[in-house]
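Here is what each chain is made of, one letter per residue.
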Amino acid sequence: QVQLVETGGALVQAGGSLRLSCAASGRTFSIYAMGWFRQAPGKEREFVAGIIWSGGSTYYADSVKGRFTISRDNAKNTVSLQMNSLKPEDTAVYYCAADTPTGFHNYRSNYGRPTTYDYWGQGTQVTVSS
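Residues numbered from 1 in each chain as written. Predicted model: local features only at pLDDT ≥ 70, side-chain atom pairs only at ≥ 80, totals over all residues. Heavy atoms only, no water.

Trainee: Just checking my understanding: could you explain the nonpolar core for this structure?
Mentor: A general tendency of soluble globular proteins is for nonpolar side chains to be buried together. Counting residues in hydrophobic clusters, the biggest one holds 38 residues, and the most contacted among them are Met-34, Trp-36, Leu-81, Met-83 and Tyr-94. Dropping the residues within four chain positions of it, Tyr-94 is found in contact with Glu-6, Leu-20, Trp-36, Phe-37, Arg-38, Val-48, Phe-68, Leu-81, Met-83, Gly-123, Thr-124 and Val-126. (Core = buried A, V, L, I, M, F, W, Y, C linked by side-chain atoms within 4.5 Å. Buried < 20%, exposed > 50% of the residue type's maximum accessible area, 1.4 Å probe, protein only. Contact = heavy atoms within 4.5 Å.)

Trainee: So what exactly am I meant to see when it comes to the environment of Leu-11 here?
Mentor: For Leu-11, the position within the fold is in strand β2 (residues 11-13). Of the residues examined, Leu-11 reaches a relative accessible area of 64% and is grouped as exposed. Taking the C-alpha atoms as reference points, Leu-11 and Asn-106, 95 residues apart in sequence, are found 36 Å from one another. Once residues lying within four places of it in the same chain are set aside, the contact partners of Leu-11 are Thr-127 and Ser-129. (Helix = DSSP H or I, 4+ residues; strand = E, 2+ residues; numbered from the N terminus.)

Trainee: Just to check I follow, could you spell out the state of the cysteines for this structure?
Mentor: Here a disulfide denotes one covalent bond, and it connects the sulfur atoms of two cysteines. Using the criterion set out here, one finds 1 disulfide in the structure. Paired through a disulfide, Cys-22 and Cys-96 show a sulfur-sulfur distance of 1.9 Å. Looking down the S-S bond of the Cys-22 and Cys-96 bridge, the torsion is 40°, so its handedness is right-handed. Here the residue Cys-22 occupies a position in strand β3 (residues 18-26), and Cys-96 occupies one in strand β9 (residues 92-99), the gap between them amounting to 74 residues. Neither Cys-22 nor Cys-96 differs from the other in exposure class; each is buried. (Disulfide = S-S within 2.5 Å.)

Trainee: Looking at this model, I keep getting lost on the pattern of salt bridges. Mind explaining?
Mentor: Pairing between side chains of opposite charge can happen when their charged atoms approach one another. On inspection of all chains with the given rule, the structure shows 4 salt bridges. With a closest N to O distance of 2.9 Å, Asp-90 and Arg-38 form a salt bridge. Here Asp-90 is found in the loop between β8 (78-83) and β9, whereas its partner Arg-38 is found in strand β4 (residues 33-39), with 52 residues between them in sequence. Its relative accessible area of 0% is what places Asp-90 among the buried residues. Overall, the relative accessible area of 6% leaves Arg-38 in the buried class. Note that Asp-62 and Lys-65 form a salt bridge whose closest N and O atoms lie 3.3 Å from each other. Judged by relative accessible area, Asp-62 falls into the exposed class, the value being 64%. One network of salt bridges, in which partners are shared, links Arg-38, Glu-46, Arg-67 and Asp-90. (Salt bridge = Lys/Arg side-chain N within 4 Å of Asp/Glu carboxyl O.)

Trainee: Teacher, can you tell me more about the packing of aromatic side chains here?
Mentor: Describing an aromatic ring pair means giving the distance of the ring centres and the angle of the ring planes. Applying the stated criterion across every chain, the model contains 10 aromatic pairs. A ring pair is formed by Phe-37 and Phe-47, whose centres lie 5.6 Å apart and whose planes are at 75°; its orientation type is edge-to-face. Remark: Phe-47 occurs in strand β5 (residues 46-52) and Phe-37 occurs in strand β4; sequence separation between them is 10 residues. According to the relative accessible area criterion, Phe-37 is buried, its value standing at 0%. Between Tyr-107 and Tyr-111 the ring centres are 6.3 Å apart and the planes differ by 45°, which places this aromatic pair in the tilted class. The class of Tyr-107 is buried, set by a relative accessible area of 1%. In this structure an aromatic cluster arises from ring pairing among Tyr-32, Phe-37, Phe-47, Tyr-59, Tyr-107, Tyr-111, Tyr-117 and Trp-120. Here Arg-45 stacks its cationic end above the ring of Tyr-95, 3.9 Å away from the centre of that ring. The residue whose ring lies beneath Arg-45 is Trp-120, and the NZ or CZ to ring-centre distance is 4.8 Å. (Phe/Tyr/Trp six-rings, centres within 6.5 Å; stacked < 30°, edge-to-face > 60°. Lys NZ or Arg CZ within 6 Å of the ring centre and 35° of its normal.)

Any functional reading would require information that these geometric values do not contain.
Below you can see the structure in the form of structure tokens.
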């Protein structure tokens, strides 16, 4: 089991910045990659960013490229999402998720799919006012 706890959500004005963090505990040695997703009211959960735990390769949704940066601290078992130039359309509940594969899988082709991830945090609200 892996437990994930997100922090850092807040109300921020458009153009501002926010940093989300996700702390992982439990069987963290089983984590291959972690991702951030978001879900706005009435919309499906969508991929935001992902990072491979070992090596640090990163992946981003087109909507956040150049504005958001995902990073990880292996020693502290945390993954962060630095969000700059925030827009009202970034308003959503943000979730972190962990991919803990038990066999062969192709993360590089499937990082954007919620079903790739096995564990999820409870979410943190980000609201961007115009």
